[in-house]
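Now for the letters of each chain:
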Amino acid sequence: MTRKANGNGALTVAQSTIGNLLGPFVTTALIKLYTGTTAWYLDILPGTEGVTETYRFVFKQLGLSVFVPLLAGQVIVSLSPHPVKKVFGEWKMSKLSSFALLTVIWSTYDGAFESGAFSGVPSDNMVFVVLILIALYFVWFAMSIVVSRLWLSHEDSIAVAYLVPTKTPAMGVALTTIMFVGLSEATETRMMLPMVIYQGIQTSLSSLLAIPLRKWQATKSVQQQSAGVEATAIDNHAHDADLSTMHGHNTSASALA
């Protein structure tokens, strides 16, 4: 999406990598803080271990599914960059990541229909969830654009705006199944549904916003080009003026001679 909007694709890759590395640390801590109260809506959750034990269990599971593949991929890219580029570029094997994400989404919806998770949820609640998710996307998107424009270029701001609201179910679904062991299938699926619904919302809205963002970036590029042409014209005019002055001085000197 970032490239479609003429944003900084390299910055997006760097930010997403850092986010995937920090995600298990930050998300686990936030979930423990959020569920560490005696609020009524936490009654459905099973008893959890302490913070240390939770982190140990999370990283034991996510280490095999996130960190080990990431490390192995970096090693392979470093040792064999050209074959990797051929496989993922010419052979289009990069589509496998999209297929894997679709598999996660499909399995969540499949579990929801199989367990009857939708039957116990009022329709107005589902509408409310969808509207809240849309509002959250626009809030994060607007905040990222406004804040990043304080010191970043248009291309970098677009990259930040696309990454900040992005929430992948690949990490959220895994954390849900790891941290809340013992939930019924229907309850577990209900906890995952907002994540997969948000995935569809962010994909749709990101595609629609690519058009105005691309125009915004193009406008800035035109302004920069115009400023560059104007600066060049001023420099050329100054250079011509200097040449005229020098020619006048030479003519005067010749006349005096």
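Once a new chain begins, its residue numbering starts again from 1 and follows that chain's sequence as written. In view of the model being predicted, local features appear only for residues whose pLDDT reaches at least 70, and side-chain atom pairs are presented and counted only at 80 or more, with totals across whole chains, interfaces and linings using the full set of residues. Heavy atoms from the whole structure form the basis of all side-chain values; hydrogens and water molecules are not counted.

A. Here's a closer look at the overall build of the protein chain. Strands here mean DSSP runs of E at least two residues long; helices mean DSSP runs of H or I at least four residues long; both are numbered from the N terminus. Helix and strand content of the protein chain: eight helices and zero strands. In the protein chain, the succession of helices and strands from N to C terminus is α-α-α-α-α-α-α-α. Out of the 257 residues in the protein chain, the part that is buried amounts to 25%. Working rule for contacts: check all heavy atoms of both residues, and any pair within 4.5 Å makes them a contact. Long-range pairs, those at least 24 residues apart, make up 78% of the contacts in the protein chain between residues at least 6 apart in sequence. Each accessible area is a Shrake-Rupley result for a 1.4 Å probe, and residues are judged covered by the shown protein chains and nothing else. Within the structure as shown, the protein chain displays about 16500 Å² of accessible surface, and the carbon and sulfur contribution to it stands at 68%. Exposure categories follow from relative accessible area, calculated using a 1.4 Å probe and restricted to protein chains: below 20% of the type maximum is buried, above 50% is exposed, and the middle band is partly exposed.

B. Just the nonpolar core, in detail. Only buried Ala, Val, Leu, Ile, Met, Phe, Trp, Tyr and Cys residues count toward a nonpolar core, and they belong to the same one when joined by side-chain atoms within 4.5 Å. In this structure, A5, Y137, F141, Y162, L209 and L213 are the most contacted members of the largest nonpolar core, which totals 15 residues. Elements with a minimum of two residues in this core: α5 (123-148), α6 (154-163) and α8 (185-256). The leading source of residues in this core is α8, at seven residues. When residues no more than four places from it in sequence are discounted, the contact partners of Y162 are M1, T2, A5, S206, L209, A210 and L213.

C. Geometry of the UniProt feature "transmembrane region" (unreviewed entry) in the protein chain. Here, UniProt's "transmembrane region" (unreviewed entry) annotation points to residues 21-42, 62-84, 96-113, 125-147, 159-183 and 195-213. Across residues 125-147, helical content stands at 100% and strand content at 0%; the span's end C-alpha atoms are separated by 33 Å. The annotated region residues 195-213 carries 100% helix and 0% strand content, and the separation between its end C-alpha atoms amounts to 25 Å. UniProt positions are given in the numbering used here, feature names are shortened, and annotations may be inferred rather than shown by experiment.

D. Region of the structure containing unusual backbone geometry. Its identity is not glycine, yet N6 carries a phi of approximately 60°, on the positive side. Residue placement: N6 occurs in the segment before α1 (9-34).

E. Quick peek at the side chain of S157. Structurally, S157 is set in helix α6. The contacts of S157, once residues within four sequence positions are left out, are I145, S148, R149, L152 and W216.

F. Seen up close, the packing of helix α2 (residues 51-79) against helix α7 (residues 169-179). Think of each axis as a best-fit line through the C-alpha atoms, taken over the contacting stretch in the case of a helix, with angles from 0 to 180 degrees between the N-to-C directions. Here α2 crosses α7 at 140°, and the two axes come no closer than 10 Å. Judged on the interaxial angle alone, α7 and α2 are oblique. As for the relative orientation of α2 and α7, their crossing is right-handed in sense. On the side of α2, the interface is formed by T54, F57, V58, Q61, L62 and V66, while α7 contributes M171, A174, L175, I178 and M179. Residue polarity is assigned by list, with Asp, Glu, Lys and Arg as charged and Ala, Val, Leu, Ile, Met, Phe, Trp, Tyr, Cys and Pro as nonpolar; anything else, Gly included, falls into the polar class. Across the contact of α2 with α7, the residue classes tally to nine nonpolar, two polar and no charged. Roughly parallel here means an angle under 35 degrees, roughly antiparallel means over 145, roughly perpendicular means 65 to 115, and every remaining angle is called oblique. Crossings are assigned a handedness: left-handed for a near helix turned anticlockwise from the far helix by less than a right angle, right-handed for a clockwise turn.

G. Representation of a nonpolar patch on the surface within the structure. Together, I18, L21, L22, F25, V26, L30 and L33 make up a nonpolar patch on the protein surface, roughly 670 Å² of accessible area in all. Looking at the element boundaries, I18 is found in helix α1. To count toward a patch, a residue needs a relative accessible area over 30% and no salt bridge; like charges are then connected within 9 Å, while nonpolar side chains (Val, Leu, Ile, Met, Phe, Trp, Tyr) are connected within 5 Å. Salt bridge, as applied in this entry: a Lys or Arg side-chain nitrogen positioned within 4 Å of an Asp or Glu carboxyl oxygen.

H. Structural view of the packing of aromatic side chains. Ring pairs shown here join Phe, Tyr and Trp side chains whose ring centres sit within 6.5 Å, with only the six-membered ring taken for Trp; geometry is labelled stacked below 30 degrees between planes, edge-to-face above 60, and tilted in between. Enumeration according to the criterion identifies eight aromatic pairs in this entry. When the centroid spacing of 5.9 Å and the interplanar angle of 15° are considered together, the rings of Y55 and F59 count as stacked. Placement of both Y55 and F59 in helix α2 is noted, with a separation of four residues, approximately one turn of the helix. Seen from their ring centres, F141 and Y162 are 6.4 Å apart, and the 80° between their planes marks the pair as edge-to-face. Highlighted residues: F141 in helix α5 and Y162 in helix α6, separated in sequence by 21 residues. Accessibility assignment for this pair places F141 and Y162 in one class, buried. An aromatic cluster of three or more residues is present, and its members are Y137, F138, W140, F141, Y162 and Y198. Above the face of the W140 ring, K167 is positioned so that its terminal group lies 4.4 Å from the ring centre. Each ring is checked for a lysine NZ or an arginine CZ that lies within 6 Å of its centre and within 35 degrees of its normal; such an atom marks a charge sitting over the ring.

I. Representation of the side chain of S206. With respect to the helices and strands, S206 occurs in helix α8. In this structure the side chain of S206 is engaged in a polar contact, spanning 2.5 Å, whose partner is the backbone oxygen of Q202. Once residues lying within four places of it in the same chain are set aside, the contact partners of S206 are M1, Y137 and Y162. Polar contact is defined as a pair of N or O atoms within 3.5 Å, subject to the rule that within protein one atom must be able to donate a hydrogen and the other to accept it, and that residues adjacent in sequence are counted only when both atoms are side-chain atoms.

J. Quick look at α1. Residue L22 marks the point of greatest curvature in α1, where the axis turns by about 45°; the proline P24 follows within four residues. Listed as buried for α1 are G9, T12, G23, P24, T28 and K32. On its buried face, α1 is in contact with α2, α6 and α7. Looking at where α1 begins, the residue whose side-chain oxygen comes 3.2 Å from the main-chain nitrogen of A10 is N8. One fitted axis covers the seven residues ending at a residue, a second covers the seven starting there, and the bend at that residue is the angle between these axes.

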